[in-house]
Structure formats: C-alpha cells, structure tokens
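Take a look at the letters that make up each chain.
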Amino acid sequence: MARLAPEVLGLAEAGYALEDFATAEGNLFKANLKGADLLGANLRRAGLSEADLSGTDLREANLSWANLRGAKYNTNTQWPEGFDPVAAGAVLEEDDD
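Cut-off values and rules
Residues numbered from 1 in each chain as written. Predicted model: local features only at pLDDT ≥ 70, side-chain atom pairs only at ≥ 80, totals over all residues. Heavy atoms only, no water. pLDDT = per-residue confidence, 0-100. Contact = heavy atoms within 4.5 Å. Salt bridge = Lys/Arg side-chain N within 4 Å of Asp/Glu carboxyl O. Helix = DSSP H or I, 4+ residues; strand = E, 2+ residues; numbered from the N terminus. Buried < 20%, exposed > 50% of the residue type's maximum accessible area, 1.4 Å probe, protein only.

Averaged over all residues, the pLDDT of the chain is 81; the fraction at 70 or higher stands at 72%. A low-confidence stretch, residues 1-7 stays under pLDDT 50, and its non-local contacts, those more than four residues away or across chains, total 13 contacts.

Okay, structure coming up:
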C-alpha cells in the first residue's frame, strides 16, 4: 500500500484541492481532511479510518473499497450520490456551533 508523506496530508488543511492527487490505495489513517475539496478524487482502496472528513466535499469521489471505519464526518460533509457513510463505518459527529 502506498504511503503519503506528512506534508501531503497538510495540503487539504491548507485549502488545496486534491481531486487530481493520486491517492488510490493511499494511507490517510487519522488524516485531517476537514473542509477538503476532494470532488471527483480517486480514493479507491484508500485507508481513511479515523480520518476527519468534517465538511469535506467527496461528491463524485471513487470510494470503492475505501476503509472508512471510525472516520468522522458532519452534516456539512458531501458524499457521492447514493453512498452510505454509516454502512461504510463512518461516524456522524455533532456540528460545532
């Protein structure tokens, strides 16, 4: 499985769009992807367990076989059409007010 450098993981937090980043089969365990633009990203087989996906735009992303166990998301997280985050193991967190 490919490993992503720590500096790559900070790109989403800095506001960079990662839709063209080759993350297929990448390890994003506990990554802070809060508010990231992952529209159309290839996250096939990505390890997203315990990642923070709060407010992340995952519309049209390929999440086939992605590991989302324990990944946190909120009501602002946007998922691909028809995707069930709960069935994939993600956990809905309360929105910060």
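Across all of its chains, the model carries two salt bridges by this definition. A salt bridge links Glu50 to Lys30; its shortest N-O distance comes to 3.8 Å. Taken together, the positions of Glu50 in the loop between β2 (26-27) and β3 (72-73) and Lys30 in the loop between β2 and β3 put the pair 20 residues apart, joining distant regions of the chain. On the basis of relative accessibility, which here comes to 39%, the residue Glu50 falls in the partly exposed class. For the salt bridge of Arg59 with Asp57, the shortest nitrogen-to-oxygen distance reads 2.5 Å. When its relative accessible area of 36% is taken as the criterion, Arg59 is described as partly exposed.

To continue, consider unusual backbone geometry. Located in the positive-phi region is Arg45, a residue other than glycine, with phi close to 65°. Mapped onto the elements of the fold, Arg45 is located in the loop between β2 and β3. With relative accessibility at 37%, the residue Arg45 sits in the partly exposed group. The backbone phi angle of Glu50 is positive, close to 65°, even though this residue is not glycine.

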